[in-house]
Amino acid sequence: MMSRNDPCWCGSGQKWKKCHYPALPPGPSLTKEYLIHYGIILKAPEQIQKIRTACQVTATILDKLCKAAIAGVKTLELDELSRQLHKEAGATPAPLGYGSPPYPKTICTSLNEVICHGIPDKRPLQEGDIVNIDVSSIVDGFFGDCSRMVTIGKISEEKQRVVNVSLQCLNLAIQVCKPGNEVYHIGKAIEDYARAHGCSVVNQFVGHGVGVAFHEPPEIPHHYNNLRIPFAPGMIFTIEPMINAGVREGVVDSHDGWTVRTKDGKPTAQWEHTILITENGHEILTIA
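Below is a summary of the structure that appears in this document. These figures come from a predicted structure and were not determined experimentally. (Residues numbered from 1 in each chain as written. Predicted model: local features only at pLDDT ≥ 70, side-chain atom pairs only at ≥ 80, totals over all residues. Heavy atoms only, no water.)

A few words on helix 2 (residues 45–68). The end-to-end C-alpha distance of helix 2 is 35 Å, a good match for the 34 Å that 24 residues give at a rise of 1.5 Å each. Turning to helix 2, its buried residues number three or more, namely Ile48, Ile51, Arg52, Ala54, Cys55, Val57, Thr58, Ala59, Ile61, Leu62, Leu65 and Cys66. Check the buried side of helix 2 and you find it contacts helix 3 (75–89), strand 4 (130–139), strand 5 (142–151), strand 9 (236–239), strand 14 (273–277) and strand 15 (282–284). (Helix = DSSP H or I, 4+ residues; strand = E, 2+ residues; numbered from the N terminus. Expected span 1.5 Å × (residues − 1). Buried < 20%, exposed > 50% of the residue type's maximum accessible area, 1.4 Å probe, protein only. Contact = heavy atoms within 4.5 Å.)

Dropping the structure here:
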């Protein structure tokens, strides 16, 4: 790995820290460097195209599910629709059977105080609910991952605030995704904004690399951290800030082993995109 005091790879004669730091040299040497030191796969152009396709399919399925999420509809019915949409798209739902215990459904539907991993059930959506719908799909062996909040009718001011703050946290985090910045900039952008608006940031769960596997390095913390991995072209990862109206802690349901609820029962919200780092910035892959 290059030292900050080494001569810059560009040939300027300056030390790396005074020149192109933290950007590393492009090309095969950079790909090898990231794999060895970080475990990160910088995707090749043909992989990027396959992942882009998987992300577009995932985003399209999510869009259709969100439109179907209205008062009176059971989250279990959304899961049934998800199964149909995946089949029609020639896609496989990545969550089904994933983990231990095996996740039992094709999507996550997290309502109100559920931070993440909510399991679809027979409860109908009701006026005043907020729900995060999380879709992860496999297309031709490659993965896409995204989620979105849906509000059901008139919701409380507290719920609207956490929905709005979580979306803005995602947008601000995406803006820092470019060569020259580092992974910790994501958490800083998110927690700065959340704290300024009276919300907390969940630190039990993180974003992650994605594309050739469901979960890959690097982890993408949404809270303050010091993860100084420089963004490099070909990095693909999710940003999925989980923002709470109250305390940041979540409690995992002891019965199903998946559902995570806020410790204080206050509402929570999350939005998610899959992001590609490009030569000059970023591309949001999960736009339908």
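Moving on to a positive patch on the surface. Taken together, Arg4, Lys15, Lys17 and Lys18 make up a surface patch of like positive charges. Tracing the backbone shows lysine 15 in the segment before helix 1 (28–38). We classify lysine 15 as partly exposed; its relative accessible area is 41%. (Patch = residues over 30% accessible without salt bridge, like charges linked within 9 Å, V, L, I, M, F, W, Y side chains within 5 Å. Areas by Shrake-Rupley, 256 points an atom, 1.4 Å probe, with all protein chains shown as cover. Salt bridge = Lys/Arg side-chain N within 4 Å of Asp/Glu carboxyl O. Lys, Arg positive; Asp, Glu negative; His and termini not counted. Charge placed at Lys NZ, Arg CZ, Asp CG, Glu CD.)

Each neighbour pair has its own omega, and for serine 100 with proline 101 the value is 0°, a cis peptide bond. Looking at the secondary structure, you find proline 101 in the loop between strand 1 (92–93) and strand 2 (108–111). Of note, the amide linkage connecting proline 217 to proline 218 takes the cis form, showing an omega dihedral of 5°. Tracing the backbone through its elements, the reader meets proline 218 in strand 8 (residues 216–220). One non-glycine residue, histidine 117, lies in the positive phi region at around 65°. Mapping histidine 117 onto the fold places it in the loop between strand 3 (114–116) and strand 4. Positive phi, normally seen in glycine, also occurs at aspartate 140, with a value near 55°. Within the secondary structure, aspartate 140 sits in the loop between strand 4 and strand 5. Taking the relative accessible area as the measure of exposure, aspartate 140 reaches 54% and is therefore exposed.

Before going further, it helps to examine the pairing of strand 4. Burial within strand 4 is extensive, with nine of its 10 residues counted as buried. Relative to strand 4, strand 2 runs antiparallel, the two sharing four bridges. Note on strand 4: the bridge partner recorded for serine 110 is asparagine 132. In terms of strand pairing, strand 4 meets strand 5 through 10 bridges, oriented antiparallel. By the bridge assignment for strand 5, serine 137 is matched with glycine 144. A loop of two residues connects strand 4 with strand 5, the two strands running antiparallel in sequence, and aspartate 140 in this loop sits at a positive phi of about 55°. (Pairing = 2+ DSSP bridges.)

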